Amino acid sequence: MQEQERKEKFCTDSGIEIKRVYNPLEVTNEQPGEFPFTRGVQETMYRSKLWTTRQYAGFSTAEESNKRYHYLLNNGTTGLSVAFDLPTQIGYDSDHDFADGEVGKAGVAIDSLKDIEILFDGIKLENITTSMTINSTASILLAMYIALAKKQGADLKKISGTIQNDILKEYAARGTYIYPPKQSMRIITDIFEYCSKEVPKWNTISISGYHIREAGSTAVQELAFTLANGKAYLKAAIEKGLDINVFAKRLSFFFNAHNNLFEEVAKFRAARRMWATITKELGATDPKAQMLRFHTQTGGSTLTAQQPHNNIPRVTIQALSAVLGGTQSLHTNGYDEAIALPTEEAAHIALRTQQIIAFESGVVDTVDPLAGSYFVEALTNEVEAAAWEYINKIDAMGGSVSAIEQGYLQNEIAASAYKYQNEIQSGEKIIVGVNKFTVEEKPMENVFSIDDSIRQFQIDKINKVKAERDNKKVKSILQTLDANARAEVNLMPTILEAAENYATLGEIADVMRGVFGEFTG
């Protein structure tokens, strides 16, 4: 007699029904490194080279963040990932009224090239890859990074890294936009064009599903909306006259990893297959232009302030899903990040989590180890089919920009977030330590916090920079930027010149505000 099952129906977090048992499927003979890259973008994957270990870090001042970077590099991190504070993200200097109370809180405060020089003091940019989570002001931060590379005597053809530079997901899910969509897309395609010639190893955009997921989407929505946004960037670049076989090689993706292990693996496998199809349909013939390469960060929204040490196994499961899914780089969250910025201890455990998976688990010894699993293969197909349904709806609306302007993506994400919270409140969805297995807890000790006095420290630096630079020359460059913004001229060379002459981030952003206006939603 069959035993009573715990539920009438089992589903993934995206609502895909899970069968009791899966039987053999007709599996293709597709190999890793071959179109459509379901099994991985490289033939040998981690047997040749492990993923890049990145720990997302940035807080307070450039001086303090620089210390954390050296600590991480000394402990085995193989790539840097920079978090910027909110004023930096939305184009305000630390001395602006809107910056009050936010300087250095969500990341490091960057006001001018001087801060970038301090941030990377003692770090050769030719020898490290750097990922910068920055969108509205991506052109300015990239210009400052290039300016520092030039000062270090680096070969710009060799420096590598990524700017997030994904403004569409800001309108859909996150909110740190400045300019209207069309003007933002213009700046992004200017970056594509400039970097393809001057900084060819730089990944000019990291199309982000991470923040879409953090806003409450399902795994399927994260996949669909991210690829739809990617499609919009491809089309915008093609319309500018860029060659898809050149610029598509420098596009990368940024995905979230949550707790439903097999759905996450299926999502990553489906993503590669879908992107290969999208790029091919838009004219890409070079296999490297058809490959989806991605960074993964474990799910910040899955972390709980209750019983925070429970977050260590959560992060382990999430990191494992990213590795089993074939990620190219990975960040693991600190267990205390639901409460505050991660302490050094939490960052250390997060880094060691990746290293234990890499060197002790054995999952890196064969390519796509879950291939052939009846469950994973079927789930990959179902996740892909559900994501295509969303993309077809978005295409029918005129693409991502139009769908965002109509509020479609935002409404779908909000509905999913509402449903998820209701499931937690009703007990249908169990979160260990939150709505089940709870205990009386003492407040966590040694919480990492940022002193508000650093704002004055940053203001003093800004004043010193302005006193020492050639202000007449800065004014002239900013006037040229204004004129170029009103014309059809690539803005990157002028932004770079402004950065090299110590124009502040806020000054550069304000010039473009004056020309493009601000988006109010």
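Predicted model, so just to flag it, every value in this text is computed and none were measured.

Concerning the packing of helix H4 (residues 138–151) against helix H19 (residues 492–500)
Geometrically, a packed helix pair is captured by the angle between its two axes and the distance between the axes.
Step number 1: Close contact between H4 and H19 brings their axes to 8 Å; oriented N to C, the two are set at 60°. What the angle tells us is that H4 and H19 run oblique. Note on packing geometry: the crossing formed by H4 with H19 is right-handed. Touching Ser139, Ile140, Leu142, Ala143, Met144, Ile146, Ala147 and Lys150 of H4 are Met492, Ile495, Leu496, Ala499 and Glu500, all from H19.

As for the pairing of strand E7 (residues 251–257)
Step number 1: The buried count for E7 comes to seven of seven residues, which makes it a mostly enclosed element.
Step number 2: Where burial is concerned, the two faces of E7 agree: the one with Leu251, Phe253, Phe255 and Ala257 and the one with Ser252, Phe254 and Asn256 are both buried.
Step number 3: By the bridge criterion, four bridges tie strand E6 (residues 205–208) to E7 in an arrangement that is parallel. Along E7, the bridge assignment pairs Ile207 with Phe253.
Step number 4: Summarising the sheet, E7 and strand E8 (residues 294–298) pair through five bridges and their orientation is parallel. Within the sheet, the bridge partner assigned to Asn256 lies in E8 and is Gln297.

As for the side chain of Glu222
Step number 1: Examined against the element boundaries, Glu222 turns out to sit in helix H8 (residues 219–239).
Step number 2: Within the structure, Glu222 has its side chain in polar contact with the side chain of Arg213 (distance 2.8 Å).
Step number 3: Here Lys267 takes part through its side chain, which lies 2.8 Å from a polar atom of the side chain of Glu222.
Step number 4: Discounting residues that sit within four places of it in the chain, Glu222 has contacts with Gly209, Tyr210, Ile212, Arg213, Ser217, Phe255, Asn256 and Lys267.

Considerations on the pairing of E8
Step number 1: With five of its five residues buried, E8 lies for the most part within the structure.
Step number 2: Judged by which residues are buried, E8 turns out to be covered on both faces: Phe294, Thr296 and Thr298 on one side and His295 and Gln297 on the other are all buried.

A closer look at unusual backbone geometry
Step number 1: A cis amide bond links Phe35 with the next residue in sequence, Pro36, at an omega value of 5°.
Step number 2: Non-glycine residue Met45 carries a positive phi angle of around 45°.
Step number 3: Within the secondary structure, Met45 is located in the segment before strand E1 (52–57).
Step number 4: Classification of Met45 as buried rests on a relative accessible area of 6%.

Some thoughts on H4
Step number 1: Look at H4: 20 Å from first C-alpha to last across 14 residues, which is about the 20 Å you get at 1.5 Å a residue.
Step number 2: With 12 of 14 residues buried, H4 lies mostly within the body of the structure.
Step number 3: What H4 keeps buried is the set Ala138, Ser139, Ile140, Leu141, Leu142, Ala143, Met144, Tyr145, Ile146, Ala147, Leu148 and Ala149.
Step number 4: Two residues or fewer past H4, Gly153 is found with a positive phi of approximately 80°.

Section: the nonpolar core
Step number 1: Core analysis: the largest hydrophobic core is formed by 73 residues, its most contacted members being Phe225, Leu227 and Tyr233.
Step number 2: Discounting chain neighbours no more than four positions away, the residues touching Tyr233 are Asn165, Asp166, Ile167, Leu168, Met185, Ile188, Phe192, Ile205 and Ile207.
Step number 3: Membership of the second largest hydrophobic core comes to 61 residues, among which are Ala57, Met144, Ile146 and Ala147.

Some thoughts on the environment of Thr285
Step number 1: Assignment of secondary structure puts Thr285 in the loop between helix H10 (261–281) and helix H11 (287–290).
Step number 2: Judged by its relative accessible area of 61%, Thr285 falls in the exposed class.
Step number 3: Taking the C-alpha atoms as reference, Thr285 lies 27 Å from Thr52; in sequence the two are 233 residues apart.

Some words on the packing of helix H6 (residues 181–198) against H19
Step number 1: Between H6 and H19, the least distance of the axes is 9 Å, while the angle of their chain directions is 80°. Classified by the angle between their axes, H6 and H19 sit roughly perpendicular to one another. Two secondary-structure elements touch here, H6 through Asp190, Ile191 and Tyr194 and H19 through Met492, Pro493 and Leu496.
Step number 2: Across the contact of H6 with H19, the residue classes tally to five nonpolar, no polar and one charged.

Things to note about the packing of aromatic side chains
Step number 1: One pass over the full model with this rule turns up 21 aromatic pairs.
Step number 2: Measuring from ring centre to ring centre gives 6.2 Å for Phe255 and Phe268, while their planes differ by 55°; the resulting arrangement is tilted. Taken together, the residues span a long stretch of sequence, with Phe255 in strand E7 and Phe268 in helix H10 at a distance of 13 residues.
Step number 3: Judged by its relative accessible area of 1%, Phe255 is buried.

Structural notes on the sheet that holds E7
Step number 1: On the basis of which strands lie adjacent, the open sheet formed by nine strands has the order E5-E4-E3-E2-E1-E9-E8-E7-E6 and parallel pairing. On the outer flanks of this sheet lie strand E5 (202–203) and E6, each paired with one strand and no other.
Step number 2: H4 contacts strand E3 (129–133), strand E4 (160–163) and E5 of the sheet and is inclined by roughly 155° relative to E3.
Step number 3: Most of the contacts of helix H12 (residues 311–324) go to E8, to which it runs at about 165°, and overall it touches E7, E8 and strand E9 (329–331).

Here we look at the pattern of salt bridges
Step number 1: Summed over the entire model, instances satisfying the criterion amount to 30 salt bridges.
Step number 2: Of the charged contacts, one joins Arg186 and Asp190 as a salt bridge, the two residues approaching to 3.5 Å between their closest N and O atoms. With Arg186 and Asp190 both in helix H6 and four residues apart, the pair spans about one turn of that helix. One exposure class covers both Arg186 and Asp190, and it is buried.
Step number 3: Notably, a salt bridge pairs Glu264 with Arg213, separated by 3.0 Å at the nearest N-O pair. Separated by 51 residues along the polypeptide, Glu264 in helix H10 and Arg213 in helix H7 (residues 210–214) bring together distant segments of the chain.
Step number 4: A relative accessible area of 0% places Glu264 in the buried class.
Step number 5: Judged by its relative accessible area of 3%, Arg213 is buried.
Step number 6: Shared partners join several salt bridges into a network, and the residues in it are Arg39, Arg269, Asp368 and Glu377.

About the thresholds
- Residues numbered from 1 in each chain as written.
- Predicted model: local features only at pLDDT ≥ 70, side-chain atom pairs only at ≥ 80, totals over all residues.
- Heavy atoms only, no water.
- Axes fitted to C-alpha atoms, helices over the stretch in contact; angles between N-to-C directions.
- Helix = DSSP H or I, 4+ residues; strand = E, 2+ residues; numbered from the N terminus.
- Parallel < 35°, antiparallel > 145°, perpendicular 65-115°, else oblique.
- Left-handed = near helix turned anticlockwise from the far one by under 90°.
- Contact = heavy atoms within 4.5 Å.
- Buried < 20%, exposed > 50% of the residue type's maximum accessible area, 1.4 Å probe, protein only.
- Pairing = 2+ DSSP bridges.
- Polar contact = N/O pair within 3.5 Å; in protein donor to acceptor, adjacent residues only side chain to side chain.
- Expected span 1.5 Å × (residues − 1).
- Core = buried A, V, L, I, M, F, W, Y, C linked by side-chain atoms within 4.5 Å.
- Nonpolar A, V, L, I, M, F, W, Y, C, P; charged D, E, K, R; others polar.
- Phe/Tyr/Trp six-rings, centres within 6.5 Å; stacked < 30°, edge-to-face > 60°.
- Salt bridge = Lys/Arg side-chain N within 4 Å of Asp/Glu carboxyl O.

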